[in-house]
Amino acid sequence: MNAQKLSKRLETVASFVPTGAVVADIGSDHAYLPCYLVHNGIVTKAIAGEVVKGPFESALRQVKLEGLEKNITVRLADGLKAVEESDGVDTITIAGMGGPLIVSILENDKESLKSVTRLILQPNIHAKVIREWAIRNHWAVLDEVILKEDEKIYEVLVLQRGEMELSEQEILLGKQLMANKTNVFIEKWTKEIDNWKRILTSIERADDTTDIAKKREEVIRLIKLVEEALNNEES
Ligand code: SAM
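Trainee: Would you explain the overall build of the protein chain in this entry?
Mentor: The helix and strand inventory of the protein chain stands at nine helices and seven strands. Against the globule reference of 18 Å for 235 residues, the protein chain gives a C-alpha radius of gyration of 20 Å, in line with a compact fold. If one aligns the C-alpha atoms of the protein chain with their principal axes, the spans along those axes are about 60 × 35 × 30 Å. Of all intrachain contacts in the protein chain linking residues separated by at least 6 positions in sequence, the fraction that spans at least 24 positions is 68%. Split by element, the accessible area of the protein chain, about 12,000 Å² in all, is 50% carbon and sulfur. Of the side chains in the protein chain, 31 bear a positive and 39 a negative charge, and the two mean positions are spaced by 2 Å.

Trainee: Would you mind going over the site of the ligand with me for this structure?
Mentor: Near the ligand, the surroundings consist of 17 residues, among which Arg-9, Gly-27, Glu-50, Asp-78 and Gly-79 are the closest. Take Gly-79: an N or O atom from its main chain is 2.7 Å from a nitrogen atom of the ligand. One of the backbone nitrogen or oxygen atoms of Ala-95 is found 3.0 Å away from a nitrogen atom of the ligand. Considered on its own, the ligand offers 600 Å² of accessible surface; in the complex 79% of this is hidden by protein. Counting residues per element, the ones that place at least two in the shell around the ligand are helix H1 (8–15), strand E4 (91–97) and helix H4 (99–108). Counting residues per element, the shell around the ligand draws most heavily on E4, at three residues.

Trainee: Whenever I open this one, the pattern of salt bridges confuses me. Can you help?
Mentor: All told, the structure shown has 16 salt bridges when counted by the stated rule. One salt bridge in this structure joins Lys-188 and Glu-155, with 3.4 Å as the shortest N-O distance. Of this pair, Lys-188 sits in helix H8 (residues 183–205) while Glu-155 sits in strand E7 (residues 152–161), placing them 33 residues apart in sequence. Comparing Lys-188 with Glu-155, the two get one shared label, buried. A cluster of three or more residues bridged by salt bridges with shared partners is formed by Arg-131, Glu-144, Glu-155 and Lys-188.

Trainee: Sorry if this is basic, but what is going on with unusual backbone geometry here?
Mentor: Backbone phi values are negative for most residues with the exception of glycine, while trans is the configuration of most peptide bonds. Despite not being glycine, Ala-31 has its phi angle at roughly 60 degrees, a positive value. The residue Ala-31 is located in the loop between strand E1 (22–26) and helix H2 (32–39) in this model. Overall, Ala-31 belongs to the buried group, its relative accessible area being 0%.

Trainee: What should I look at first to understand the sheet that holds E4 in this one?
Mentor: The pairing of strands in a sheet comes from backbone hydrogen bonds and takes either a parallel or an antiparallel form. The strand order across the open sheet formed by seven strands is E3-E2-E1-E4-E5-E7-E6, and the pairing between neighbours is mixed. Either end of the sheet is taken by a strand with one partner, and the two such strands are strand E3 (72–76) and strand E6 (139–149). Sheet twist, expressed as the average angle between the axes of neighbouring strands with direction ignored, equals 15 degrees. Relative to strand E2 (residues 45–50), E1 is paired through five bridges, and the arrangement is parallel. Opposite Ile-26, over in E2, you have Gly-49 as the bridge partner. Contacts between H1 and the sheet are confined to E4, strand E5 (118–123), E6 and E7, with E6 contributing the most and set at about 155 degrees to the helix. Along the sheet, H4 makes contact with E1, E4 and E5, crossing E4 at roughly 150 degrees.

Trainee: How do you make sense of H1 when you look at a structure like this?
Mentor: All buried positions along H1 are accounted for by Arg-9, Leu-10, Thr-12, Val-13 and Ala-14. In this structure, the buried residues of H1 make contact with H2, E4, E5, E6 and E7.

Analysis parameters
Residues numbered from 1 in each chain as written. Predicted model: local features only at pLDDT ≥ 70, side-chain atom pairs only at ≥ 80, totals over all residues. Heavy atoms only, no water. Helix = DSSP H or I, 4+ residues; strand = E, 2+ residues; numbered from the N terminus. Rg over C-alpha atoms; globule rule 2.2 N^0.38 Å. Contact = heavy atoms within 4.5 Å. Areas by Shrake-Rupley, 256 points an atom, 1.4 Å probe, with all protein chains shown as cover. Lys, Arg positive; Asp, Glu negative; His and termini not counted. Charge placed at Lys NZ, Arg CZ, Asp CG, Glu CD. Near = heavy atom within 4 Å. Polar contact = N/O pair within 3.5 Å; in protein donor to acceptor, adjacent residues only side chain to side chain. Salt bridge = Lys/Arg side-chain N within 4 Å of Asp/Glu carboxyl O. Buried < 20%, exposed > 50% of the residue type's maximum accessible area, 1.4 Å probe, protein only. Pairing = 2+ DSSP bridges. Axes fitted to C-alpha atoms, helices over the stretch in contact; angles between N-to-C directions.

In structure tokens form, the structure reads like this:
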């Protein structure tokens with residue numbers, strides 16, 4: 001991967017950046033995504049935010065190497081603190097982290113989201129907590145994609161301002177992903193069910209305490225919820 005040729009995962013994130021947007025890429029590592037967006041004429045102005053010095057320096061180096069210092073500002077900052085009001089950022093990308101870390105970044109500096117109309121989030125795990133955060137904070141899913149690359153499965157969630165109501169099943173699996181039910185979606189959730197069934201087997205060998213009984217009930221409930229979605233022709 002480099003600034004010319006992104007991974008399929010980051011290319012999917014890039015595909016949701018509106019032309020002419022002002023983007024902040026948080027956790028920007030080598031700044032490949034902002035460099036790619038400028039090189040491809042999708043944006044002319046971007047912020048690359050990084051909290052760790054090493055990756056921050058890599059991002060700085062990359063932007064310089066690509067000759068994009070006029071277009072991309074690299075900032076060493078924790079989460080959305082990389083965004084300044086005068087930047088006029090309207091689109092934020094956060095990719096390659098767990099859902100809970102993405103949520104904590106969004107939750108910690110809500111003021112920085114004032115001018116933002118689109119969030120493109122790519123959790124490696126636990127996309128569910130992002131959907132929960134979106135509902136609580138008046139964001140709605142505009143689009144969502146599930147993809148597989150190098151034997152790993154990723155989700156990309158595109159949020160815009162608005163209200164949405166999702167069932168527990170839709171929060172866990174993604175309403176649109178459930179409707180599309182791609183092979184990658186089926187693979188992800190079949191593996192998850194197998195994993196939960198392994199947990200059930202190990203629980204069955206444990207002493208029967210109240211906690212164990214609760215855990216068993218919860219795992220059985222989750223398996224049922226996901227099996228229903230996989231078997232439902234309409235969903
Ligand atoms: N976004 C790139 C991608 O998807 O390929 C890099 C992903 S890398 C696994 C995660 C990056 O996020 C790391 O460079 C890490 O230092 C950075 N990061 C983690 N927490 C952060 C935070 N609170 N603010 C800014 N960057 C953060």
